Each structure stands twice: as C-alpha cells, then as structure tokens.
Amino acid sequence: MDLALNFIPWLLLLLSIPFTSSQPNATDTKPLPSPSPPSDSDLCNGVFVSYIHTKGSKIPPNDSTNQSYRFESVITVLNHGRNELKSWRVFVKFAHREILVSATNAVLSDGSSFPVSVENGTVFAGYPSSDLKSAIQTAGDVTQMQAKVELVGTQFGVAPPTVPLPKNLTLVTDGWKCPKATQKGKNVLQVCCMPDPDYDNTDIIDNEFLPRQNGDLTIMYDVVRSYASNYMAQVTMENHNPLGRLDNWKLSFDWMRDEFIDTMKGAYPSLVDSSDCVNGPQAKHYQDLDFSNVLSCARRPTIIDLPLTKYNDSTFGLIPFCCRNGTILPRSMDSSKSISAFQMQVYKMPPDLNISALSPPQNWRINGTLNPDYKCGPPVRVSPSQFTDPSGLPSNKTAFASWQVVCNITQPKDASPRCCVSFSAYFNDSIIPCKTCACGCSNNKVARTCSTASPAILLPQQALLVPFENRTELSIAWAYLKHRPVPNPLPCGDNCGVSINWHLATDYRGGWTARVTVFNWGETNFADWFTAIQMKKAAPGFEKAYSFNATTLGINGENNTIFMEGLPGLNYLVAESDGENPLKNPRIPGKQQSVMSFTKKLTPGINVRGGDGFPSKVFFNGEECSLPSILPMSSNSHPRKHFSVFLLALPVLALLVLRV
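The numbering scheme is per chain: residues are counted from 1 as the chain's sequence reads. At least 70 in pLDDT is required for a residue's local features to be given in this predicted model, at least 80 for side-chain atom pairs to be given and counted, and no such filter applies to totals for whole chains, interfaces and linings, which use all residues. Side-chain metrics in this entry use all non-hydrogen atoms of the structure; hydrogen atoms and water are not considered.

The protein goes by COBRA C-terminal domain-containing protein in an unreviewed UniProt entry, where it is assigned to Arabis nemorensis. UniProt positions are given in the numbering used here, feature names are shortened, and annotations may be inferred rather than shown by experiment. What UniProt states about the protein under its Subcellular location (unreviewed entry) heading is, verbatim, "Cell membrane". In the Sequence similarities (unreviewed entry) part of its UniProt record, the protein is described as follows: "Belongs to the COBRA family."

If you want it as structure tokens, here you go:
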C-alpha cells in the first residue's frame, strides 16, 4: 500500500509531459531555403572589374542644349585569380564628355590632376595600394583582394533617370585579356579578365617587384637615405628616344601625403615658397624647424635644372648629371648628356613617421621649350637601383626603395606643331612657304585681320630671310609678277619659332644634292640643336652633309632617317636679332645651312623631282614639323627665261623690302 502511494506522484508527473510523434506532421513541414545563385564575380576565375553608377543629379547652369549633370560611380577591381595582381590599371571609355572631379584609391595614369576632361576615356591606376593579393595568399580576405574607386564628376546631356554608362571597361595591366564589357541592368558595366596565355609573366609572378619598362623617357625615384621623419630622394631622368630631347626641362608632380621639400642639390624649385607649410599642419608638427629655409611647400611643385656654373658648387651642385641648363639630349648625340639628375630632402607627415613609410609623388609631368610632349604613367615599384659606392670601393650600393615612371612622346588633341618646313627646287623660282597657321593662329576673330583658311602665297627666294610681318609687299609683288591671284584678306603667317627650308639643288644621272637651311625666328638660342629628315626612298643613298655632322639613323627597324647636328663650333643656333639699322631693316633670323649629297646607285628608280627628293617628315629638336601640302613643280618655260625675269624684277623687289 505504501509503495503504491509513493508511485502516484511519479505517475502524475509522467502523465503531465506532452507526447509528440517522432515523425513531423506533414502540414507543419517548412522546406529548406535554396542556395542563392553565385554572383558574376564569384564565377570569374580571373580579375573581375565593374563600373556601377550610383547617383546622378542636375547641376547649374540651366542649359536646354548642353545641360550638365553630376554623377557618382564606383569602379571595383577584384582579384579572383591564382596570383597577385601587380600594379593594376583599368581603362574606362567614357562617352558623355565627362569631367572627372575626384577619385579615391586611384590616380590617372597619364599624370593628369583633377579636375580633368576624360571624354576620350582614361586609365586609372591604384594608389596608394597598386597591388591586389589573391584569395590563396590571404585566405579569402577581400580587403586585400579588392580595390574600390569612388568617382565624382560632371557629364553632359544624360538626364536622370537615364544612366550615363561608359562605352567600355577593361583591365590594361600587362598579361591580361578582357572581352568587351557587358551591361547588367541599367547601371552596371562589368567584365571578367583572364590571364593572356601568350604572355610570359614568369618575371612578374616569381619576383617581388615588377620588371622595369621601356619608354621614350624614364624617371627613377630612388630613396637613397631614409629616416623616421624625412628621406633623401634622387630623381634621374633618362632619354631613350633617338629623336627625343628636352630643353629647359620643367618637372612637376603631386605630393599626396602633405610632404614638403626642405633642401635640394642639382635642381631647384621654380618658386621658393614655404607659406603653405606655415599656414598648414606642417608648421604645427615641426615646431622646431626653421621654415624660412624650406624650399617648397607646394602640393604640386615645379622643378627646374641649374646652370652649368653650379655643377661644382658644394651647396647646390656636385651631383652627377646635374646642372645642364635643362638640356637632355638623345644618346646618338651624347650619351653623357642624355641623363639629368638631382636630389631632394623630403619631410613626411603623420602617420608616416617611420623609416619604412615611403610614398612617391604622383601625377608626373615633364616638358621643355621646343620639344615633344610627354605623357607619364604612375610610379611603379621596381627592384632597388644600384649606385657606385661613394667611398670608391669596388662595390655597389642599393637604394632603400625605387620607383620607375615611364613617359612617352604623345601628340595632344588639336595641338599645333612648333616648327615648319618650306620647299623649293632648282627648276622653280618660287618657294612653297610654310602652311598658313602651321604653328597655330589666334582664336580672337575680332582682332585678326588675316585669313586662316587661305593658302600661303608663294614667295621669291630672298623672302626666306625676311620675317613674315615684313614680307607683305614682297609677296604681293611676286604674285603680280607671276600673274597669281592675291587673296583678300591675305593669309595669316605660320607663327613658328623655327622654320626649315629644303631646297632641291641639283639632279643628275649619278646623284643629286639638296640644301637644308634652319632658321630661328624666336628669342631663344638653341645650343646643341639637331634636325632629322625622314625620307621614304632616298635615305639609303645619302653620302654626306658638308657643313653639318650627319648620319643615317635606324628607327623602328627602318633605316630611313638622316640625323644632322652642327659641327663643333657650329652647334649654336642663335635667336633672331635686329638688322643693321633697326629703324629701316627687318630683323634677321639665326641661320645654319648645309648642302647634302646623295648617290643613285643604292636607290635605283628613284624619282627625285617627282617627290622622292623631298622629306616625308622633318624634326627639329625632337619636335615634328609641319610640312607643305604641295611640292614644287617644273615650269613650262625654260629655266633660263625664269632667271632673266627674276633678275629684271629683283631691283624693284629689293626697293620694296628696304623702303621705310
């Protein structure tokens, strides 16, 4: 009985527990969620690049025909490949006359500063981080595998909600191939790029640094000494183009982390100014530094070379390859003068105050007086440069860190040449002058009294030595004498500082001769000048130049260029100067001249008078010159008759020129 009573509470407790079936009720079953499909980036086993338009809005001014709009976009570069992506670069083919105002985590690879027009497309390069690790290297850490570039800019003509997407998007890093980008939805453009099987990237994968690249001009930024708060950098510019050259070079770049230049050797800022530091965070951090001696605190300084007299100066010079008046020559002229170098002491700002925190400036640009235009890429980290040990020991010393900037000669859109060519020949007594506005004309139509569309008027021989502004009566008289029409208004001048006359002097059975004359109409003297004549068929027959040092030059595998420079003592092309009587006589250009001889043995079938005796391209100090559109033609009359008419007219023409 007692046992039964003790069991009752346990029985009641057991009955109070609800019993459930081990099998779920069919009505209560919930299906497991299906896995989401993989994203396009997950399906890419290479480098996935996307452009996402995030926002757009109308901005002033109101213009029904050319309305401007703000746009905001994000470029994403994601490395899903097996190896590290070094020095990534992405090309965006903009299509709506975009003006880029800012970009995060990237710079423009052509060295342009914001704001900048990118209507023809532009290349973005990673900054401050230019390399993207792979998932294998980081265990899938997306922060090290991915770069996001946020863009803000202005576009024209595409009103929201229409999206102004670019025409194309592609990775342009060496060793990668990309199909045409595809659009997804209304606001996304994307592409998956894969390694190029035909590209040997062994050096890139196996080495810590990218290989050094070739270019028309290379700039090395070598940190030769490094401290916690500052470092010493050596900048070395080297010319590799056989026709490239710089005179009075000016080098500029952007500091990205509030750096400033304290001291320099071998070069100097074009403007010495420390006010930006005094009024900025630099003076607050470096309170014990005397900023009156700081050379430059500009975010974008311009550096110029020093004169020859400073080469042995213990304060400013004593740097190999410095102090050349800004002249960098081709190797074919003088290899020792194809390099220019200087050093500068750079102070850093927090948080970069440690010995290994080194960051080169960006957006490099270099130009000269009468030289080709260069476009420079971003600095690329390369293996440390080696220098001869200053102690004289037979060993080399390496830099702490080295970056290479590659610059190539380019022809800017709508840019005008800065030199021009005129043609003449023994069988025609008229000169075909430089083209009208060969080197550009004023855009001020109100002030302009000449025609930019009319072709230049043919000239008599002696007009070559007369400045354009003094040729009017001479050229009109010659036109009347030759029964040629005179346009009204008269054509504008060529506006070139340098002109070159190519005169076909003789043509006989075994050979022919030409005379080349270089005129300097500007105010700048040219030391160590050179000119290069490119001839499609005649160059192999070149024998010698009698007053110039000349040789044939192979360029891009073709031996069709004749390179000429002044002989010792004749390598100076002086500027234009006053005549004997400045009140009566026109100014006189600087001039250098030489006769050139050619043989026909090596050029069978050459038609000298028909055009083979005239150059197809002419360069002066590396700048390509404007050529006439027509060639001299043989006259129907006997040459002797032309000569007699010319002699009869010569006194009249001379009086016109010399008339007060």
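Caption draft 1: Quick look at unusual backbone geometry. With an omega of -5 degrees, the peptide bond running from Phe 114 to Pro 115 counts as cis. Positionally, Pro 115 belongs in the loop between strand E5 (106-108) and strand E6 (116-117). Residue Pro 489 is bonded to the preceding Asn 488 through a cis peptide linkage, with omega at 5 degrees. Strands are runs of DSSP state E lasting at least two residues, helices are runs of H or I lasting at least four, and both sets are numbered from the N terminus onward. Within the secondary structure layout, Pro 489 lies in the loop between helix H7 (472-481) and strand E28 (498-507). Its identity as a non-glycine residue notwithstanding, Asp 258 has a phi of 65 degrees, on the positive side. The residue Asp 258 is located in the loop between strand E15 (250-254) and strand E16 (260-265) in this model. By relative accessible area, Asp 258 is classed as partly exposed at 43%. For each residue, the accessible area found with a 1.4 Å probe, counting protein chains only, is set against the maximum for its type, and the residue is called buried under 20%, exposed over 50%, and partly exposed in between.

Caption draft 2: Quick peek at the sheet that holds E15. Pairing between strands requires that DSSP locate at least two bridges from one strand to the other. Ordered in space as E17-E18-E15-E20, the 4 strands form an open sheet in which the pairing is antiparallel. Only two strands of the sheet have a single neighbouring strand rather than two, namely strand E17 (267-269) and strand E20 (362-367). Taken pair by pair, the neighbouring strands of this sheet meet at an average axis angle of 25 degrees, ignoring direction. By the bridge criterion, 3 bridges tie E15 to strand E18 (residues 302-305) in an arrangement that is antiparallel. Looking across to E18, one finds that Leu 251 is bridged to Ile 303. For helices, the fitted line uses only the C-alpha atoms of the stretch in contact; every axis is such a line through C-alpha atoms, and the angle between N-to-C directions lies from 0 to 180 degrees.

Caption draft 3: Representation of the state of the cysteines within the structure. For the purposes of this analysis, a disulfide is any pair of cysteine sulfur atoms at a distance within 2.5 Å. One pass over the structure, following the stated rule, counts 10 disulfides. With its sulfur 2.0 Å from that of its partner, Cys 178 forms a disulfide with Cys 193. Between Cys 178 and Cys 193, the S-S torsion sits near 110 degrees, and that sign places the bridge as right-handed. Linking Cys 178 in the loop between strand E10 (176-177) and strand E11 (182-184) with Cys 193 in strand E12 (residues 188-195), this pair joins segments that are 15 residues apart in sequence. Note on Cys 178: relative accessible area 24%, which makes it partly exposed. Judged by relative accessible area, which is 0%, Cys 193 ranks as buried. Put simply, Cys 437 and Cys 441 are joined by a disulfide, and their sulfur atoms are 1.9 Å apart. Between Cys 437 and Cys 441, the disulfide has an S-S torsion of -90 degrees and is therefore left-handed. Classification of Cys 441 as partly exposed rests on a relative accessible area of 24%.

Caption draft 4: A look at the environment of Thr 138. Positionally, Thr 138 belongs in helix H2 (residues 135-138). Residue contacts are counted whenever heavy atoms from the two residues lie within 4.5 Å of one another. Leave out the neighbours within four places in its chain, and Thr 138 touches Lys 133, Gln 144 and Met 145. Polar side-chain contacts of Thr 138 include one of 3.0 Å to the backbone oxygen of Ser 134. Two N or O atoms form a polar contact when they lie within 3.5 Å of each other; inside protein one atom must be a possible hydrogen donor and the other a possible acceptor, and for residues adjacent in sequence the pair counts only when both atoms belong to side chains.

Caption draft 5: Quick look at the pattern of salt bridges. Whenever a carboxyl oxygen of Asp or Glu lies within 4 Å of a side-chain nitrogen of Lys or Arg, that contact is scored as a salt bridge. One pass over the full model with this rule turns up 18 salt bridges. We note a salt bridge from Arg 300 to Asp 254, for which the minimum N-O separation is 3.0 Å. Of this pair, Arg 300 sits in the loop between helix H6 (281-285) and E18 while Asp 254 is found in strand E15, placing the two residues 46 residues apart along the sequence. The exposure class of Arg 300 is partly exposed, given its relative accessible area of 26%. Connected through shared salt-bridge partners, Asp 254, Arg 299 and Arg 300 make up one network.

Caption draft 6: Quick look at the packing of aromatic side chains. Two rings belonging to Phe, Tyr or Trp (six-membered ring only in the last case) form a pair when the distance between their centres is within 6.5 Å. Interplanar angles under 30 degrees mark stacking, angles over 60 mark edge-to-face geometry, and anything in between is tilted. Under the definition given, this model contains 21 aromatic pairs. Aromatic side chains Tyr 51 and Phe 94 sit 6.3 Å apart centroid to centroid with 75 degrees between the ring planes, which places their arrangement in the edge-to-face category. Residue Tyr 51 is found in strand E1 (residues 47-58), and its partner Phe 94 is found in the loop between strand E3 (89-93) and strand E4 (99-103); the two are separated by 43 residues along the sequence. On the basis of an interplanar angle of 75 degrees and a centroid distance of 5.8 Å, the ring pair of Tyr 221 and Trp 364 is categorised as edge-to-face. One end of the pair, Tyr 221, is in strand E13 (residues 217-226); the other, Trp 364, is in strand E20, and 143 residues separate them in sequence. Take Tyr 221 and Trp 364: they sit in the same class, and that class is buried. An aromatic cluster of three or more residues is present, and its members are Tyr 221, Tyr 231, Phe 253, Trp 255, Trp 364 and Trp 403. Whether a charge sits over a ring depends on NZ of Lys or CZ of Arg being within 6 Å of the ring centre and within 35 degrees of the ring normal. Over the aromatic face of Trp 403 sits the side chain of Arg 381, whose NZ or CZ is 5.0 Å from the ring centroid. The ring of Phe 427 has Arg 609 lying over it, and the distance from NZ or CZ to the ring centre is 4.5 Å.

Caption draft 7: Local environment of the nonpolar core. The criterion is simple. A nonpolar core is a set of buried Ala, Val, Leu, Ile, Met, Phe, Trp, Tyr and Cys residues joined through side-chain atoms within 4.5 Å. With 35 residues, the main nonpolar core has Ile 500, Trp 502, Trp 512, Met 535, Met 596, Phe 598 and Phe 620 as its most contacted residues. Listed by contribution, the elements that provide at least two residues to this core are strand E26 (419-425), E28, strand E29 (511-520), strand E32 (542-545), strand E34 (558-566), strand E36 (590-599) and strand E37 (617-620). Sequence-distant contacts of Met 535, that is, excluding residues within four places in its chain, are made with Trp 502, Trp 512, Asn 560, Ile 562, Phe 598, Asp 612, Gly 613, Phe 614, Pro 615 and Ser 616.

Caption draft 8: A look at the pairing of strand E7 (residues 122-126). Of all 5 residues in E7, 5 are buried, a share of seventy percent or more. Where burial is concerned, the two faces of E7 agree: the one with Thr 122, Phe 124 and Gly 126 and the one with Val 123 and Ala 125 are both buried. The pairing of E3 with E7 spans 4 bridges and is classified as antiparallel. Bridging from a neighbouring strand, Val 92 pairs with Thr 122 of E7. When E5 meets E7, the two strands line up antiparallel, connected through 3 bridges. Directly across from Ala 106, in E7, lies its bridge partner Gly 126.

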